[in-house]
Amino acid sequence: MGDVALIIKAMPESPEVNREEIKKEIRAKLPRVQDIQEEPIGFGLVALKIVVVVPDAEGQTDAAEAALNSISGIERAEIIGSTLV
């Protein structure tokens, strides 16, 4: 088995959340984060696009998504793309 690169879009709860603190917590919960980019949505709201590598095993993608959804300040996180690495 190999690895899977996931692209996950995380929407913050509000424009006032501290994105740098959220990024630190993301890197702590998902140690194989490759990149985090900010994507302006509108009205001051900025989404985070996260690229993370997980093992190609059952339940790993759901676990990564659940880890992000558990972070304070993130309203929701969803996988928007994936590819084998």
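Small disclaimer: the values here were computed from a predicted structure and weren't measured.

Caption draft 1: Broad picture of the side chain of Lys23. By the secondary structure assignment, Lys23 is in helix H1 (residues 19–29). Of note is the side chain of Lys23, whose polar atom sits 2.9 Å from the side chain of Glu38. For Lys23, the residues in contact, after removing those within four places along its chain, are Ile36, Glu38 and Leu48.

Caption draft 2: Inspection of H1 at higher detail. Looking at H1, one finds that the buried residues are Ile22, Lys23 and Ile26. Seen along its axis, H1 keeps its buried residues to an arc of 100°; they face one direction. Turned more than 90 degrees away from the buried face of H1 sit Lys24 and Ala28, all of them exposed. If you follow the buried residues of H1, they end up packed against strand E2 (33–42), strand E3 (45–55), helix H2 (60–69) and strand E4 (74–84). For H1, the capping residue at the N-terminal end is Asn18, with a side-chain oxygen 3.0 Å from the backbone nitrogen of Glu20.

Caption draft 3: Structural context of H2. For H2, every residue scored as buried is listed here: Ala64, Ala67 and Leu68. Buried residues in H2, looked at end-on, bunch into an arc of 95°, giving them a common side.

Caption draft 4: The sheet that holds E4, seen in detail. In space, the 4 strands of this open sheet follow the order E2-E3-E1-E4, with antiparallel pairing throughout. Because the sheet does not close on itself, it has two edges, and the strands there are E2 and E4. Each neighbouring strand pair of the sheet contributes to a mean axis angle of 25°, computed without reference to strand direction. Here strand E1 (residues 3–12) runs beside E3; their pairing, made up of 8 bridges, is antiparallel. Bridge pairing links Lys9 to Lys49 in E3. Sheet strands in contact with H1 are E2, E3 and E4, and its direction is about 150° off that of E2. Relative to the sheet, H2 contacts E1, E3 and E4, its axis offset from that of E4 by approximately 155°.

Basis of the calculations
Residues numbered from 1 in each chain as written. Predicted model: local features only at pLDDT ≥ 70, side-chain atom pairs only at ≥ 80, totals over all residues. Heavy atoms only, no water. Helix = DSSP H or I, 4+ residues; strand = E, 2+ residues; numbered from the N terminus. Polar contact = N/O pair within 3.5 Å; in protein donor to acceptor, adjacent residues only side chain to side chain. Contact = heavy atoms within 4.5 Å. Buried < 20%, exposed > 50% of the residue type's maximum accessible area, 1.4 Å probe, protein only. Arc of directions from axis to C-beta. Pairing = 2+ DSSP bridges. Axes fitted to C-alpha atoms, helices over the stretch in contact; angles between N-to-C directions.

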